[in-house]
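# A look at the structure
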Amino acid sequence: MKKITIAMMLVLSGSVFCQVSVGTAPQETNKWTFGGGIGLGFGSNSAFYLQASPRVGYRLTDDLEVGVIGSVSWQTSNSYKSTMFGVGPFANYYFARSFYVGANLQHYFINYKDKFYDYKVNGEETALYLGGGYMQRIGGNSFMQLGLMYNVLWKEQSSAFSSGLVPNIGFVVGL
């Protein structure tokens, strides 16, 4: 009986040691990030607003991301119609994995038409947004960003925008 018990212990201990896994080489993480935001609004005088802002970034470090962001918006109402396209670079610095500060330079191409006075404007405007916000993890390496940016180039009398302050909500995958 002792011989059978010793033989069984040797077989079992051998099989336990065989199940220890050997470490694999760490996988290279993808440094590309993707995301953006969309907006939708309604207002008086049959006003309708639709906006999309896709972005592609690259993580230079775990905390610093740079990339390109685009923007397209379309607005219409009983009295006017407007389309706007924007593109430019951005940089975000992440800290405590829940907060970020960032800069975003956008150059906009604006087409505006007043329906009552048959007045048309085709123009351009550059905006430099500085700000930051909070990030909420929504799964794996995906985050929702809630932030506030201010256009430091905004001028009340000559800007196509009604305010320099811009709240933003967006999503990022790859951080």
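These numbers come from a predicted model, not from an experiment.

### Observations regarding the overall build of the protein chain
A tally of regular secondary structure across the protein chain gives 1 helix and 8 strands. Moving toward the C terminus, one meets the helices and strands of the protein chain in the order α-β-β-β-β-β-β-β-β. Split into buried and exposed, the 175 residues of the protein chain put 29% on the buried side. Put simply, the protein chain shows about 11800 Å² of open surface, and 65% of that area lies on carbon and sulfur atoms.

### Considerations on the sheet that holds strand E5 (residues 99–114)
If you trace the 8 strands once around the closed barrel, you get E1-E2-E3-E4-E5-E6-E7-E8, paired in antiparallel fashion. Between one strand axis and the next, the sheet turns through 25° on average, direction left out of account. One ladder, built from 12 bridges, connects strand E1 (residues 32–43) with strand E2 (residues 47–59); its direction is antiparallel. Residue Phe34 lies in a different strand from E2, and its bridge partner there is Val56.

### Brief notes about the pattern of salt bridges
Tallied over the full model, the rule gives 2 salt bridges. Between Arg55 and Glu65 there is a salt bridge, with the nearest N and O atoms lying 2.2 Å from each other. Of this pair, Arg55 sits in strand E2 while Glu65 sits in strand E3 (residues 64–76), placing them 10 residues apart in sequence. The residue Asp62 makes a salt bridge to Arg59 at a minimum N-O spacing of 3.5 Å. Among the residues examined, Arg59 registers a relative accessible area of 8% and is labelled buried.

Here is what the cut-offs are and how they apply
Residues numbered from 1 in each chain as written. Predicted model: local features only at pLDDT ≥ 70, side-chain atom pairs only at ≥ 80, totals over all residues. Heavy atoms only, no water. Helix = DSSP H or I, 4+ residues; strand = E, 2+ residues; numbered from the N terminus. Buried < 20%, exposed > 50% of the residue type's maximum accessible area, 1.4 Å probe, protein only. Areas by Shrake-Rupley, 256 points an atom, 1.4 Å probe, with all protein chains shown as cover. Pairing = 2+ DSSP bridges. Axes fitted to C-alpha atoms, helices over the stretch in contact; angles between N-to-C directions. Salt bridge = Lys/Arg side-chain N within 4 Å of Asp/Glu carboxyl O.

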